[in-house]
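The lines below spell out each chain.
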Amino acid sequence: MLLEWWSCTQCTLFADQATMDRLGKEHAIIILNHNFEIDFLCGWTMCERFGVLGSSKVLAKRELLCVPLIGWTWYFLEIVFCKRKWEEDRDTVIAGLRCLADYPEYMWFLLYCEGTRFTEKKHRVSMEVAASKGLPPLKHHLLPRTKGFTTAVQCLRGTVAAIYDVTLNFRGNKNPSLLGILYGKKYEADMCLRRFPLEEIPQDEKEAAQWLHKLYQEKDALQETYNQKGVFPGEPFRPARRPWTLLNFLFWATVLLSPLFRFVLGVFASGSPLLILTFLGFVGAASFGVRRLIGVTEIEKGSSYGNQEFKKKE
């Protein structure tokens, strides 16, 4: 609701008509670059516009499980969590993916193959690793981690029909933030969408990993084209926003805020200093919690995963 109706951020897809006709009508694995603080919001809004928001899944870092409301909700939505240490994650990830193999509704499963958000420090370390493995350097992405991708393809083969590669950028070279969305700033997001039938992905794990590396080289070229021309290749489509997110927000705001306002009036009308101070303390704690929740999305406050320390462990 905040993205679509409060900030009125526009999301444009660049794809072909055949791909657009399939959106929301098949199981798919989504590969999205992880460069921006609100890339997940842009993904969610596309899920909502094509009717798969309720059945959208993601391979997410386990730390998010502890985030109030969002983490707890994701647990009940069968989100697959990982510690980003394959030796510890293998059994958990495979079990989670197998639970989705017979999912009854059309499902989109999101993978951030880079494993963490792009920063200059992480990019430098990542390219050192790429050079040591004889892989071509990437300018706009981190080196993709292949284990999650190859495992997802293996476990969901026969269920998932295609891989959707999504390359996201923002017009005007802007770097949007969740706080910007809350302040009502309008952004213009462009997404280059390419569909690859799952039959094109090699069944051999090593060959599938090579396919992913080649895909990221193509994504890098797409980002370079966008930076030079300000547009992705393909026909632009702007799926219309639907009213359900706004109506859902207005309903729950009416249900929850009306008694809250009456309670606040009662607190201040009581004239009790202790009651008023207790209420103000609760509001301060809630505001602090919301700010910490927003901080989870901020790049500069992101995890150290992918930095020099992680490289040394490898």
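Residues numbered from 1 in each chain as written. Predicted model: local features only at pLDDT ≥ 70, side-chain atom pairs only at ≥ 80, totals over all residues. Heavy atoms only, no water.

As annotated in an unreviewed UniProt entry, the protein chain is 1-acylglycerol-3-phosphate O-acyltransferase 3 from Myotis myotis. Per UniProt, the protein chain has the following entry under Sequence similarities (unreviewed entry): "Belongs to the 1-acyl-sn-glycerol-3-phosphate acyltransferase family." (UniProt positions renumbered as here; feature names shortened; annotations may be inferred.)

Draft legend 1. Just the pairing of strand E5 (residues 108–111), in detail. A two-sided burial pattern is seen for E5, the buried positions comprising Trp 108 and Leu 110 on one face and Phe 109 and Leu 111 on the other. Looking at chain direction, strand E2 (residues 28–32) and E5 are connected through four bridges and run parallel. Looking at E5, one finds that Ile 29 is bridged to Phe 109. One ladder, built from three bridges, connects strand E3 (residues 56–61) with E5; its direction is parallel. Residue pairing for E5: Ser 56 is matched across the bridge by Trp 108. (Buried < 20%, exposed > 50% of the residue type's maximum accessible area, 1.4 Å probe, protein only. Helix = DSSP H or I, 4+ residues; strand = E, 2+ residues; numbered from the N terminus. Pairing = 2+ DSSP bridges.)

Draft legend 2. Looking closely at the domain arrangement of the protein chain. The domains assigned to the protein chain are domain 1 (1–237) and domain 2 (243–301). Its C-alpha centre places domain 1 at a distance of 32 Å from the equivalent point of domain 2. (Domains from an automatic or database assignment.)

Draft legend 3. Expanded view of empty space enclosed by the protein. Counted according to the given criterion, the structure contains one cavity of 30 Å³ or more. In this structure, the largest cavity spans a volume of roughly 30 Å³. Every residue along the wall of the largest cavity is listed here: Leu 135, Pro 136, Leu 138, Leu 143, Pro 144, His 213, Tyr 216 and Gln 217. For the lining of the largest cavity, the per-class residue count stands at six nonpolar, two polar and no charged. (1 Å grid on protein atoms, 1.4 Å probe; cavity = no way out; pocket = protein on both sides within 12 Å on 5 of 7 lines; lining within 4 Å. Points joined across faces, edges and corners; volume = space filled by probe spheres on them. Nonpolar A, V, L, I, M, F, W, Y, C, P; charged D, E, K, R; others polar.)

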